[in-house]
Amino acid sequence: TGRGGSFGELALLYDSPRNATCTAQGSCQLWRVDQQTFRKTLASSNMHSDNETKTILRKVPFFTDLDPSVLNRISDALTVVSFGTDQQIVRKGEEGKVFY
């Protein structure tokens, strides 16, 4: 990895052996995090993100009267999608298979 990169997250997430060997090509300093702290931080981050998502969804008129359990399921199903400048997101006349 280059400057600012990371490695080892898959082994922490899946409690599995390392998938690669990393060797310093020069002097370097690294931040280290143990598996328990990594998982707690990730879970906390996901909970915070979930709460933000639900707050936003509650502001959408279509979702205002939904049962909280339905809103939770919708929130859990959402994924972030990124688009570049001038990249087309939907095309008029296309079949709608995704909700944005």
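Above this text sits the structure in question.
Just so you know, these numbers come straight off a predicted model, no measurement behind them.

What counts as what
- Residues numbered from 1 in each chain as written.
- Predicted model: local features only at pLDDT ≥ 70, side-chain atom pairs only at ≥ 80, totals over all residues.
- Heavy atoms only, no water.
- 1 Å grid on protein atoms, 1.4 Å probe; cavity = no way out; pocket = protein on both sides within 12 Å on 5 of 7 lines; lining within 4 Å.
- Points joined across faces, edges and corners; volume = space filled by probe spheres on them.
- Helix = DSSP H or I, 4+ residues; strand = E, 2+ residues; numbered from the N terminus.
- Nonpolar A, V, L, I, M, F, W, Y, C, P; charged D, E, K, R; others polar.
- Phe/Tyr/Trp six-rings, centres within 6.5 Å; stacked < 30°, edge-to-face > 60°.
- Buried < 20%, exposed > 50% of the residue type's maximum accessible area, 1.4 Å probe, protein only.
- Patch = residues over 30% accessible without salt bridge, like charges linked within 9 Å, V, L, I, M, F, W, Y side chains within 5 Å.
- Areas by Shrake-Rupley, 256 points an atom, 1.4 Å probe, with all protein chains shown as cover.
- Salt bridge = Lys/Arg side-chain N within 4 Å of Asp/Glu carboxyl O.

What to know about the layout of surface pockets
Here the second largest pocket defines a volume of roughly 490 Å³. Together, 15 residues line the second largest pocket, and Leu78, Thr79, Val80, Val81 and Phe99 are the ones closest to its centre. Among the elements that take part in the lining of the second largest pocket, helix α2 (residues 35-58) stands out by supplying 5 residues, more than any other. Taken together, the residues that form the lining of the second largest pocket break down as 10 nonpolar, 4 polar and 1 charged.

Things to note about the packing of aromatic side chains
We describe a pair of aromatic rings using the distance from one ring centre to the other and the angle between the two ring planes. Considering all chains together, one arrives at 1 aromatic pair under this definition. Consider the rings of phenylalanine 62 and phenylalanine 63, whose centres lie 5.3 Å apart with planes at 70°: the pair is edge-to-face. Under the relative-accessibility criterion, phenylalanine 62 is labelled exposed at 70%.

Notes on unusual backbone geometry
One non-glycine residue, aspartate 86, lies in positive phi territory at about 65°. Examined against the element boundaries, aspartate 86 turns out to sit in the segment after α3 (68-77). For aspartate 86, a relative accessible area of 81% translates into the label exposed.

Let's talk about a nonpolar patch on the surface
Residues Val81, Phe83, Ile89, Val90, Val98 and Tyr100 make up a contiguous nonpolar surface patch of roughly 580 Å² in combined accessible area. As for its position among the elements, valine 90 is in the segment after α3. A residue is classified by how much of its surface remains accessible, and valine 90, at 54% relative accessible area, is exposed.

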